[in-house]
Amino acid sequence: MAKQAPEAAAAAYIPRSSVKKMSHLRIFRKYWMFYVMMLPAIVLLVLNNYIPMFGIIIAFKNINYADGILGSPWSGLRNFEYLFKTSDAWIITRNTLLYNSGFIVLNLVFPIAFAIMLNEIRSRFLAKLHQTIMFLPYFLSMVVISYLVFGFLSDEHGYLNSSLLPSLGLEKVQWYFTQEVWPYILPIVNTWKSMGYFTVIYMAAIIGIDDEYYEAATIDGASKWKQMTSITVPLIMPVITIMTLLQIGKIFNADFGLFFQVPRESGVLFPVTNVIDTYVYRTFLTVGDIGLSSAAGLLQSVVGFTLVFLSNWVVRRINKENALF
């Protein structure tokens, strides 16, 4: 039996933790310039994302502006109680979860379908034109979009009431006083605004697929539908999974502008448009207690963080390659 080399024999007596430290130190010495390049971004991340987390304690205090944040008395979990004990707790929680669940589905189905269709356009000019037109609403603020929606739904001068419905022989509808239509209007507006953003992401993933897959499928006689279901969708599944996980993390956070600006603060619509964010905002305007707002924000962040980890755990159990981490 050959004798063990002196270096190997010596390494056998070195603790594993010391070996790891030596390897990390060796890596740092080799790539120290890259760590220096990362330093400004790390400093910015700490200043912008981590130091402000000190404000979390506001959620557990009864803020007194004279005493300041640190001097204000502790309130325990009382700031969280109002979200669950109020008569509107069930309504705002239901609306937030159901709307966001619908948004996740719509922002998955329609962007993927449009990305696949745009990828089939052979004229690059037309493809770019359609992308630009679809992407434009994403840059519009909800204030602008609320006025666009108002231009369609206004009781007197809106396009639907003044032109479309009369031409179809239908009666005018008071849209801002009809609860039944808003569970459909809000998802349509959200999908129209964000579809271009998600379509570009999915289209970039589709463009990265090797054309040889489609050439081989065409030779085998596969139809476009078969190519989509057997090649396109499976190969962009990692991107689909990541985008879905990121949206699941925000399922407890509602788009404040969408639910506050678009319905134009119509009190009749509160049962179908009031979500956690708008409820907290209106409570703050009434009570003026920032502890209540901070508690709601902290609760939303913790729930979103937990959901991302649970969803990612499920994905890892199914397919590790598609997991976010």
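As the structure is a prediction and not an experimental result, all values here were calculated from the model.

Chemist: What should I look at first to understand the confidence of the model for the protein chain in this one?
Modeler: In low-pLDDT segments, the atomic positions of the prediction should not be examined closely. Averaged over every residue, the pLDDT of the protein chain is 86; residues scoring 70 or more account for 93%. Every residue in residues 6-13 is under pLDDT 50, and counting partners more than four places away or in other chains gives one contact.

Chemist: Would you mind showing me how to read the packing of helix H10 (residues 182-207) against helix H13 (residues 237-248) here?
Modeler: Packed helix pairs are characterised by how far apart their axes lie and by the angle those axes make with each other. H13 packs onto H10 with a crossing angle of 155 degrees between their chain directions and a minimal axis gap of 10 Å. With respect to H13, the axis of H10 lies roughly antiparallel. Judged by the twist between their axes, the crossing of H10 over H13 is right-handed. Packed against H10, whose contacting residues are Tyr197, Phe198, Ile201, Tyr202 and Ala205, the element H13 presents Val239, Ile240, Met243 and Gln247 at the interface. By residue class, the composition of the contact of H10 with H13 is eight nonpolar, one polar and no charged.

Chemist: Looking at this structure, I do not really get the side chain of Asn79. What am I missing?
Modeler: In this structure, Asn79 sits in helix H5 (residues 78-85). You can call Asn79 buried: its relative accessible area is 5%. Looking at Asn79, its side chain comes within polar contact range of the side chain of Ser75, at 3.4 Å. Filtering out sequence-adjacent residues up to four positions away, Asn79 remains in contact with Ile58, Ala59, Phe60, Lys61, Asp289, Gly291, Leu292 and Ala295.

Chemist: I tried to follow the pattern of salt bridges on my own but got confused; where do I start?
Modeler: Should their charged atoms come close, side chains of opposite charge can pair. Enumeration according to the criterion identifies three salt bridges in this entry. For Lys224, the salt bridge goes to Glu120, with nearest N and O atoms at 3.2 Å. Here Glu120 lies in the loop between helix H6 (89-119) and helix H7 (124-135) and Lys224 lies in helix H12 (residues 224-235), a separation of 104 residues in the sequence. Under the relative-accessibility criterion, Lys224 is labelled exposed at 52%. Taking relative accessible area as the criterion, Glu120 reaches 35% and is therefore assigned partly exposed. Salt bridges linked by common partners bring Glu120, Arg122 and Lys224 together as one network.

Chemist: Help me understand the packing of H12 against H13, please; the structure alone is not making it clear to me.
Modeler: Remark: H12 packs on H13, axes separated minimally by 4 Å, with the N-to-C direction vectors making an angle of 50 degrees. By the angle class used here, H12 and H13 are oblique. Touching Val233, Pro234 and Leu235 of H12 are Met237, Pro238 and Ile240, all from H13.

Chemist: Please clarify how the packing of aromatic side chains should be interpreted in this entry.
Modeler: Two measures describe an aromatic ring pair: the distance that separates the ring centres and the angle between the ring planes. According to the stated counting rule, one finds 18 aromatic pairs in the structure shown. Ring geometry for Phe256 and Tyr281: centres 5.1 Å apart, planes at 70 degrees, overall edge-to-face. With Phe256 in helix H14 (residues 256-260) and Tyr281 in helix H16 (residues 276-287), this residue pair connects regions lying 25 residues apart in the sequence. Judged by relative accessible area, Phe256 falls into the partly exposed class, the value being 28%. Tyr281 gets classed as partly exposed once you look at its relative accessible area, which sits at 33%. Among the aromatic residues, those joined into a ring-pair cluster are Phe135, Tyr138, Phe139, Tyr197 and Phe198. One Lys or Arg, Arg264, reaches over the ring of Phe150 and ends 4.2 Å from the middle of that ring.

Chemist: Please clarify how the nonpolar core should be interpreted in this entry.
Modeler: Where a protein is soluble and globular, its nonpolar side chains tend to be buried together. The biggest cluster of nonpolar side chains holds 22 residues, and the ones touching the most others in it are Leu153, Trp175, Trp182, Leu258 and Phe259. Membership of the second largest hydrophobic core comes to 19 residues, among which are Leu118, Ala205, Ile206 and Met228.

Chemist: When you look at a negative patch on the surface in this model, what are you seeing that I'm missing?
Modeler: Together, Asp210, Asp211, Glu212 and Glu215 line one region of the surface with negative charge. One can find Asp210 in the loop between H10 and helix H11 (211-219). On the basis of relative accessibility, which here comes to 41%, the residue Asp210 falls in the partly exposed class.

Chemist: Is there a simple way to think about the environment of Arg316 in this case?
Modeler: Looking at the secondary structure, you find Arg316 in helix H17 (residues 290-318). Expressed as a C-alpha distance, the spacing of Arg316 and Tyr159, which sit 157 residues apart in the sequence, is 49 Å. Apart from the residues lying within four places of it in its own chain, the contact partners of Arg316 are Ala323 and Phe325.

Chemist: So what exactly am I meant to see when it comes to the environment of Leu70 here?
Modeler: Among the secondary structure elements, Leu70 is positioned in helix H4 (residues 68-71). For the pair Leu70 and Ile57, spaced 13 residues apart in the sequence, the C-alpha separation amounts to 8.7 Å. If near-sequence neighbours (up to four positions away) are discounted, Leu70 is found in contact with Phe54, Ile57 and Lys61.

Parameters at a glance
Residues numbered from 1 in each chain as written. Predicted model: local features only at pLDDT ≥ 70, side-chain atom pairs only at ≥ 80, totals over all residues. Heavy atoms only, no water. pLDDT = per-residue confidence, 0-100. Contact = heavy atoms within 4.5 Å. Axes fitted to C-alpha atoms, helices over the stretch in contact; angles between N-to-C directions. Helix = DSSP H or I, 4+ residues; strand = E, 2+ residues; numbered from the N terminus. Parallel < 35°, antiparallel > 145°, perpendicular 65-115°, else oblique. Left-handed = near helix turned anticlockwise from the far one by under 90°. Nonpolar A, V, L, I, M, F, W, Y, C, P; charged D, E, K, R; others polar. Buried < 20%, exposed > 50% of the residue type's maximum accessible area, 1.4 Å probe, protein only. Polar contact = N/O pair within 3.5 Å; in protein donor to acceptor, adjacent residues only side chain to side chain. Salt bridge = Lys/Arg side-chain N within 4 Å of Asp/Glu carboxyl O. Phe/Tyr/Trp six-rings, centres within 6.5 Å; stacked < 30°, edge-to-face > 60°. Lys NZ or Arg CZ within 6 Å of the ring centre and 35° of its normal. Core = buried A, V, L, I, M, F, W, Y, C linked by side-chain atoms within 4.5 Å. Patch = residues over 30% accessible without salt bridge, like charges linked within 9 Å, V, L, I, M, F, W, Y side chains within 5 Å. Areas by Shrake-Rupley, 256 points an atom, 1.4 Å probe, with all protein chains shown as cover. Lys, Arg positive; Asp, Glu negative; His and termini not counted. Charge placed at Lys NZ, Arg CZ, Asp CG, Glu CD.

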